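# Chains, contacts and geometry: an overview
If you want the building blocks of each chain, they are given just below.
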Amino acid sequence: MRIAQIAPLYESVPPRLYGGTERIVSFLTEELVAMGHRVTLFASGDSRTRARLVSDCDRALRLRGDVRDPLAHHVAHLRGVMEHALEFDVIHNHMDYLGFLLAVTSPRPVVTTLHGRLDIPDLKAVFQAFPEVELISISDAQRAPLAASSFRATVPHGLPRNLLRAGDGRGGYLAFLGRMSPEKRPDAAIRIARKVGMPLRMAAKIDDADKEYFDAVIRPLLDTSSVEYVGEIGDADKQQFLGEAYALLMPIEWPEPFGIVMIEALACGTPVVARACGSVPEVVEDGVTGFLCGGEAEMVRAVAHVDEISRQRCRREFEGRFTSRHMADAYVRAYHDVLGDWGRGAA
C-alpha cells in the first residue's frame, strides 16, 4: 500500500526530546515500512526515517528562533501534500482539524488521527462543518465529547517492542514524567511522594505557557533533597529513569486523550499509580498493572500496595496490547476499510 503520513512541524520525527504526536508518527511510519508498505513522511527536514521524506521546512519549528506564526508553515506544509496526493492510496493526517480541508478536497482518501483533547467547546463548530472526514481516536474516552461525529476506529498508541525493556525497580524512588503543566499536577506528585516518605524524580518539559506555573508553584517545592528535577529527557534516558522507578505517579486532572508515559512505564515493567481520568482506565488495569485512584489520598494509599503488582505482568500487558506492531496493524485495517468505502463511492 502507498501511504502518506503527515506530521506537525513543531518537532522533528522523531523528536529530539519531548514530543508525543511526532514520536507516534515515527513509530507508526517505521513499522509500516518494516511491514513492506511504501510510505512517504511529510515532516520537518531534520526528521529521520526509513520512509521517503518530503519537506519544505528545514528544521522543527520549536528549535527555530525566528518563527512567530507556526500556522503559516503548516498551511504551506499541507499544500505540499496536496501536490503529491495522487501518488498515494491513502493519506494519514496527524495535524488534527488543520487537515480537514485537505480531507474534503483530496483525490485520495484521507484519515485523520486526533491526538489532543476534544472537550473544548469551540471544536464542535469545526467538526460539525466537516461531518464527512474519516476520524480515528486514540482512546474511547477521547471521543466522548464529540460522540455525534463519525469515528472510523479507536487505535491506541504503541511503542516498538524493543525500545524499552523491563527494569527491576530497585532505584527506590517514584517517577513523574511528562510536562510541567497544571493539568498534569506535578505539585500533587510532590505531595504524594512526601506523604509516603519516598524520593521523587521528575523528568518534564516546561513549555513557555507553563513557565509561570513552574516558577510560582513547583520551583518552591523543589527546595528539598527528596525531590529531584532532572529536566526534559528523551528515549535514551527513559530506560533507566522508568526502569529503576518503584512506580510512576500520574496525578492528572484533565481528560487525558491517551498518555504515552503509561505504556512507556508498562514497557519497563513499572506499575502506574494514576487518577482515573480520561483514557487512564483503558490503559491501566486496576490492581493488575497499577492502581486507579480518585484523588491524592487514594494515590498515597495505593503506593503502599505497589509491591503487590507484578512487574513481569506489566511488561506482558505492554507486549500484548501496546506495541507499534499492534498499532500499525490496527491502522492498516482502518485504511482498508476507508479504501473499500471509497471504492464503492467512486463506483
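Look up a bit, the structure's there.
The sections below set out a description of the structure shown in this document. Only a predicted model underlies this, so the values are computations on that prediction, with no experimental measurement involved. (Residues numbered from 1 in each chain as written. Predicted model: local features only at pLDDT ≥ 70, side-chain atom pairs only at ≥ 80, totals over all residues. Heavy atoms only, no water.)

## Concerning the side chain of S137
With respect to the helices, strands and loops of the structure, S137 is situated in strand β6 (residues 134-137). In terms of polar contacts, S137 uses its side chain to reach the side chain of T154, at 2.6 Å. (Helix = DSSP H or I, 4+ residues; strand = E, 2+ residues; numbered from the N terminus. Polar contact = N/O pair within 3.5 Å; in protein donor to acceptor, adjacent residues only side chain to side chain.)

## Focus on helix α12 (residues 311-321)
Where α12 is concerned, the buried positions are R311, C314, R315, E317 and F318. Buried positions in α12, seen along its axis, are confined to an arc of 155° and lie on one side of it. In α12, the exposed residues that point more than 90 degrees away from the buried face are Q312 and R316. In this fold, the buried residues of α12 make contact with α8 (235-243) and α9 (260-267). (Buried < 20%, exposed > 50% of the residue type's maximum accessible area, 1.4 Å probe, protein only. Arc of directions from axis to C-beta. Contact = heavy atoms within 4.5 Å.)

## Focus on the environment of G99
In this structure, G99 sits in the loop between β4 (90-93) and α3 (100-105). Sequence separation between G99 and H74 is 25 residues, and the spatial gap between their C-alpha atoms is 9.4 Å. Contacts of G99, omitting those with residues within four sequence positions, involve L78 and N93.

## Quick notes on the sheet that holds strand β7 (residues 151-154)
The strand order β3-β2-β1-β4-β5-β6-β7 describes an open sheet built from 7 strands, whose pairing is parallel. With partners counted over all chains shown, the strands left at the sheet margins are β3 (52-54) and β7, one partner each. Strand-to-strand twist across the sheet, computed as the mean angle between neighbouring axes with direction ignored, equals 25°. When strand β1 (residues 2-6) meets strand β2 (residues 38-42), the two strands line up parallel, connected through 5 bridges. Looking across to β2, one finds that Q5 is bridged to L41. Strands β1, β2, β3 and β4 of the sheet are contacted by helix α2 (residues 70-84), whose axis makes an angle of about 155° with β2. (Pairing = 2+ DSSP bridges. Axes fitted to C-alpha atoms, helices over the stretch in contact; angles between N-to-C directions.)

## Some thoughts on the sheet that holds strand β12 (residues 272-275)
In spatial order, the strands read β10-β9-β8-β11-β12-β13; together these 6 strands make up an open sheet with parallel pairing. Edge positions in the sheet fall to β10 (227-231) and β13 (290-293), since each has one partner strand and no second. Pairs of neighbouring strands in the sheet enclose a mean axial angle of 20°, with direction left out of account. By the bridge criterion, 2 bridges tie strand β8 (residues 174-179) to strand β11 (residues 247-250) in an arrangement that is parallel. Looking across to β11, one finds that L174 is bridged to A247. Running over the sheet, helix α6 (residues 186-196) touches β8, β9 (200-205), β10 and β11 and is turned about 170° from β9.

## Some details on the packing of α6 against helix α11 (residues 296-303)
The packing of two helices is summarised by the inter-axis angle and the distance between the axes. Two elements in contact, α6 and α11, have axes separated by 9 Å at closest approach and are oriented at 45°. Taken as axis vectors, α6 and α11 run oblique relative to one another. The way α6 lies across α11 gives a crossing that is right-handed. Together, A188, R191, I192, K195 and V196 of α6 and E296, M299, V300 and V303 of α11 make up the contact between the two elements. Residues that form the contact of α6 with α11 fall into these classes: 6 nonpolar, no polar and 3 charged. (Parallel < 35°, antiparallel > 145°, perpendicular 65-115°, else oblique. Left-handed = near helix turned anticlockwise from the far one by under 90°. Nonpolar A, V, L, I, M, F, W, Y, C, P; charged D, E, K, R; others polar.)

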